[in-house]
Amino acid sequence: MPVNKSDMKKIILYFLIMSGMNQAFTQSSQYQSLGTITSHHLNGQVLSIETDFGKAEITVFSPGVFRMRIVKSSFTEDFSYAVTGKPDNCQVNLEESKEKIVLSTSLLKLEIDKEPARFAFYTIDGRLINTDDKSLGTSWIGTEVTTCKQLQEGERFIGLGEKTGNLDRRGSAYDNWNTDNPRYGPNDDPLYVTIPFYMGLHNDLVYGIFMDNTHRSRFNFGASNDRFSSFSADDGEMDYYFLYGTTVADILRDYTGLTGRMTMPPLWSLGYQQCRWSYFPDTEVLNIVQNFRDRKIPLDVIYLDIHYMDAYKIFTWHPVRFSNPKKLLGDLKALGVHTTVIVDPGIKVEKGYEAYEDGLKKDMFIKYPDGKVYTAQVWPGWCHFPDFTDPNARGWWGSKFSGLVSDGVEGFWNDMNEIASWGGGTTPHMVQLNWEGRHTTYRQAKNVYGMQMARSTFEGTRKLMNNKRPLILTRAGYAGLQRYTALWTGDNQASEEHMLLGSRLLNSLGLSGVSFTGVDVGGFSKDATPSLYARWIGVGAFSPFFRSHTHYDTKQAEPWAYGEVVENISRNYIQLRYRLLPYIYSAFHESVETGMPVIRSLAINYTFDEKIYNYIYQNEYLFGPSILVAPTESTRELVKVYLPAGEWYNLHTGMKYHGKNEIITECPVHILPLFIKAGSVIPMQQAVQSTSESPGDILYLHVFSGNENTGYTYYEDDGESYNYENGAFYKRLITIDARKRVMTLEANTGSLKSRFKKVQFVFHGFATGQEFSINNQPFKSQMAESDLFNALDASDPQYLETLHKTTNVITAETALTDEKIIITW
């Protein structure tokens, strides 16, 4: 059949369109890598590179920190929710040969191959730290961008935030896509938090890589290949920071220098915290707290879950269950207990509901591209969601806490902020967000939504609370979340496996710049056995954030709910936690100053000791600088523990062990394996029922004899205000010169006086009859029984008898002045 001209044109047009579409598809899906360098230019500390496919920009942030930005075509506006640090002025040198460009500082040398552009980092003395895969380098498939790094012999990988699996990530791969993952398993991924930062370790070298890209990302540490590790993002720039230092602590200091450090938490937030989904009505809340007081179990915080609200509407109180919230919170405060309430981002769609009407009027919610407000179902039903990437919405959200703050709420628990919603939390990627006026989609914003919610809550409540510190807690977050909030690891399960997993999660978060972390002690889902609960309380007492929490459908999970023996064990470990508050508070100060976490994977101090990565030892950690914790199942009576380099004291017996040694130690349910590093100073106080009580006049300094010189910083402030930021603190450096047998308490460097009037020195491991002097004045010391762990199990007299026979110590007491104190022996 003949074809007329009109039909022929249509056929030709069709083939042209299809050809173009096929070509576009081919171009968008083909693999392309960064090309050959055509030009480069150094402007101060910024090296700009052009290639025949793609561009790179390298900024020297400090001698050990280089920022690498790599794009196919054009750089976008420079913006980050994670990075607050600015480049330091430093000397930068540039050299060039026919094949290479070399950019160097006093610490680090970057060699750049020209054909094609590939990057390799070296120490100044020429040792290879990290290098691109010479063939693959940085590449694109469509919008996805990937950087491949050559695997080094024996290389290990640690960190990456809230990730399951082993301490050493080698051979594993992970997704970063904040996900509400209820009842997650021990190897599930992803979870609730995205921190795209890890450290690589090999040949006595340590480096860090932080990829600052909020799109969905993947990290592969040699999974399913023996050639490379890689990190990639679905879209956006390849924007990563390379950090080099001589120790893991150096890398953490530089990483938190980039992403910010936490502020001092309120002292009360370091006490024991009790939670349940849910305590209601108000009479039950008071009854729970009164039970703690009557049973002499210390408590500082009670939580109100979703049932405190009217129809689950945020910023409201249930009119019947909590008819007089101000009186209730006042009564709780009189008992020495602070109140924390849950807050979800979903604002119920309901006419007449103030938050909904006001938010709609002021344009505070995220929207579809056509301008219609996005709606999804959560606890209240159909809800809108504030745009926390809009400064106006953050201010609006923060101001809405005025009623709760006025009622006496001091803690704010940010939940469901992945965003979680019924139907799997599948918020459409097309949903629009402000992104600080730059405008983007949920595809880029999802991973920061929870962090920006926590930020909004922190900034708003800090402003409302008249210089008092709020407790902010979040489930979801992104790199830099430590500036605003504490973090808990979501909906865990009541099992031995999950208890140990919790320790690894907290270790990994500490390796990722987040210090104020914890788990749901006892497990959120399912019922804990009495022995599991008792063991978990012991482990929880040695975590930064110490809260018990459980599901609506579980049995009561307060310490007394498991019988008298478990109640006694719980009381003893919680009391010990309170006695250790001076030590714990000082550890938090170190986090504020340097980024060093409170819970410290052994990889921080013993990086190249292969034993610490062993499956049976990888859960161990240091709590603060000196206390080694070996979490173990409640079903064991004996356990093998690895003690790294140094000397260690068993806290239960006083027995001293040499390090780099595997030992078998007792671990019945009332004895959590705990060891103190020789040379340590552990400040303690008397036990109290809450932080609102005075701990008395005496600061106890437990000193453990050792052969190495050590240093420790003791810190106090008022525990509730931000006045410490202006010098209102009490801080002293304590050093021990083991060879000279001298211990020095340097003078106080702050403007605040100590809350203690006297200091009692408790010397462990020193020879019987050892003579001491203070400021060249001999003083009379005396033998005493150690009260460090004086009542770990009131139901086991034999244990107490053994403890008191084996832990004799030497004590001495003097006035605690602001001037230097020198002790010799």
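Residues numbered from 1 in each chain as written. Predicted model: local features only at pLDDT ≥ 70, side-chain atom pairs only at ≥ 80, totals over all residues. Heavy atoms only, no water.

Bringing the sheet that holds strand β54 (residues 821-824) into the picture now. With antiparallel pairing, the 6 strands of this open sheet are ordered in space as β46-β47-β48-β54-β50-β51. Edge positions in the sheet fall to β46 (710-716) and β51 (777-779), since each has one partner strand and no second. Each strand of the sheet is rotated relative to its neighbour by a mean of 20°, with strand direction disregarded. For β46 and strand β47 (residues 730-737), the ladder comprises 7 bridges, and the chain directions are antiparallel. When the bridges of β47 are listed, Y712 appears paired with I734. Running over the sheet, helix α12 (residues 581-594) touches β46 and β47 and is turned about 100° from β46. (Pairing = 2+ DSSP bridges. Helix = DSSP H or I, 4+ residues; strand = E, 2+ residues; numbered from the N terminus. Axes fitted to C-alpha atoms, helices over the stretch in contact; angles between N-to-C directions. Contact = heavy atoms within 4.5 Å.)

Counting residues in each nonpolar core, the largest one holds 213 residues, and the members touching the most others are Y308, F542, I627 and M743. At 8 residues, helix α8 (residues 442-464) tops the list of elements feeding residues into this core. Setting aside anything within four residues of it in sequence, one finds I627 in contact with F542, L580, Y583, Y621, L622, L674, F675, I676 and I682. Core analysis: the next-biggest nonpolar cluster, separate from the first, contains 40 residues, I37, L110, I129 and Y174 among them. (Core = buried A, V, L, I, M, F, W, Y, C linked by side-chain atoms within 4.5 Å. Buried < 20%, exposed > 50% of the residue type's maximum accessible area, 1.4 Å probe, protein only.)

With that settled, the discussion passes to the pattern of salt bridges. Considering all chains together, one arrives at 49 salt bridges under this definition. With a shortest N-O distance of 3.0 Å, D175 and R216 are connected by a salt bridge. One end of the pair, D175, is in strand β14 (residues 173-176); the other, R216, is in the loop between β17 (205-211) and β18 (217-220), and 41 residues separate them in sequence. Note that K656 is salt-bridged to E647, the shortest N-O span being 3.4 Å. Among the charged side chains, a salt-bridge network with shared partners connects D180, D415, E418, R475 and D491. (Salt bridge = Lys/Arg side-chain N within 4 Å of Asp/Glu carboxyl O.)

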